[in-house]
Amino acid sequence: MSSGHEALAPEAVPATRPITVPTVMPTVVIRSLPARLGTALIGLVAAGMSLTIGLADGAAHYWSFDETSGDKAEDFVAQRNMTIRGEAYKRGGESVLGSGASLAMTSDSNNKSHAATRVASQAPTAFSMEAWVRTTSTSGGEIMGYGSSAANQSWNRDRMVYMRNDGTLSFMLYPGKLTTVTTPKSYNDGQWHHIVASLSPTAGAMLYVDGNLAAFDGAMTAGQSYSGYWRIGGDALSGVNGQP
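Residues numbered from 1 in each chain as written. Predicted model: local features only at pLDDT ≥ 70, side-chain atom pairs only at ≥ 80, totals over all residues. Heavy atoms only, no water.

Examining the nonpolar core
In this structure, Val161, Phe171 and Leu207 are the most contacted members of the largest nonpolar core, which totals 35 residues. No other element matches strand β10 (residues 127-133), which puts 4 residues into this core. With 6 residues, the next largest nonpolar core counts Met160, Met172, Tyr174 and Leu237 among its residues. (Core = buried A, V, L, I, M, F, W, Y, C linked by side-chain atoms within 4.5 Å. Buried < 20%, exposed > 50% of the residue type's maximum accessible area, 1.4 Å probe, protein only. Helix = DSSP H or I, 4+ residues; strand = E, 2+ residues; numbered from the N terminus.)

Focus: the pairing of strand β15 (residues 193-200)
With 8 of 8 residues buried, β15 lies mostly within the body of the structure. The alternating pattern of β15 places His193, Ile195, Ala197 and Leu199 and His194, Val196, Ser198 and Ser200 on opposite faces, both of which are buried. Summarising the sheet, β10 and β15 pair through 7 bridges and their orientation is antiparallel. The residue of β15 that forms the bridge with Phe127 is Leu199. The pairing of β15 with strand β16 (residues 204-209) spans 6 bridges and is classified as antiparallel. The residue of β16 that forms the bridge with Ile195 is Val209. (Pairing = 2+ DSSP bridges.)

Thoughts on the pattern of salt bridges
Per the stated rule, a full pass over the model turns up 3 salt bridges. Note that Glu67 and Arg91 form a salt bridge whose closest N and O atoms lie 2.8 Å from each other. Of the two residues, Glu67 sits in the loop between β3 (59-63) and β4 (72-73) while Arg91 sits in strand β6 (residues 89-93), which places them 24 residues apart along the sequence. No difference in accessibility class separates Glu67 from Arg91, as the two residues are buried. Notably, a salt bridge pairs Arg159 with Asp158, separated by 3.5 Å at the nearest N-O pair. Each member of the pair Arg159 and Asp158 is classed as buried. (Salt bridge = Lys/Arg side-chain N within 4 Å of Asp/Glu carboxyl O.)

What to know about the environment of Gln122
In this structure, Gln122 sits in strand β9 (residues 121-122). Residues Gln122 and Tyr229, spaced 107 residues apart in sequence, show a C-alpha to C-alpha distance of 8.5 Å. Setting aside its immediate chain neighbours within four residues, Gln122 contacts Tyr146, Ser225, Tyr226 and Ser227. Side-chain polar atoms of Gln122 contact the side chain of Ser225, separated by 2.9 Å. (Contact = heavy atoms within 4.5 Å. Polar contact = N/O pair within 3.5 Å; in protein donor to acceptor, adjacent residues only side chain to side chain.)

Bear in mind that shape data such as this cannot, by itself, settle questions of function.
This is the structure we're talking about:
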């Protein structure tokens, strides 16, 4: 483990806390540079976020999660496919797009699921990651992030968006110390919400929800440097601010 990261991993085997009621994710997009943010971006996604549009908007990865069976989530841009692990997930649910399907994940103390890329890569320094999410959870959990393990609990985790127990959203970075921005509003209302977390080495960290800037910190300009995996739906959360 990297030096100075103990505050994020006080336990030998930190507990995974994905969303504890069905959390539905029909589309997750990772961009290599900060995305063009605002209502125009929301409109593109709501209209279907076709692969052509995703590429034109700078998508580095695109997982639709609209497969109806199996444990694979295809990356339509870079072929960094994800594997869905555990038994607490359901495929083929209703999508926010009006067509296609979505992935629902549920977790309890004995049954956990998450999706992760299969091949490790270096953590990006400038990026945006976005997802559509719907939940009524009051137990919180990770929505998307970057972890040091694909199959197990991540010892190092960074670039993480998670929901707190009260439904507020946090975007966490760990460039040697824990830094977090959090929305003032809760989003565990059972409605679809579009979340975009963006990191710029010059502009800072931004968290957009439904096309509006919900949290911002211009001093958060970097995350931790390590090789890891994009993860969706669950990872270790011990030590984070407002830990679910």
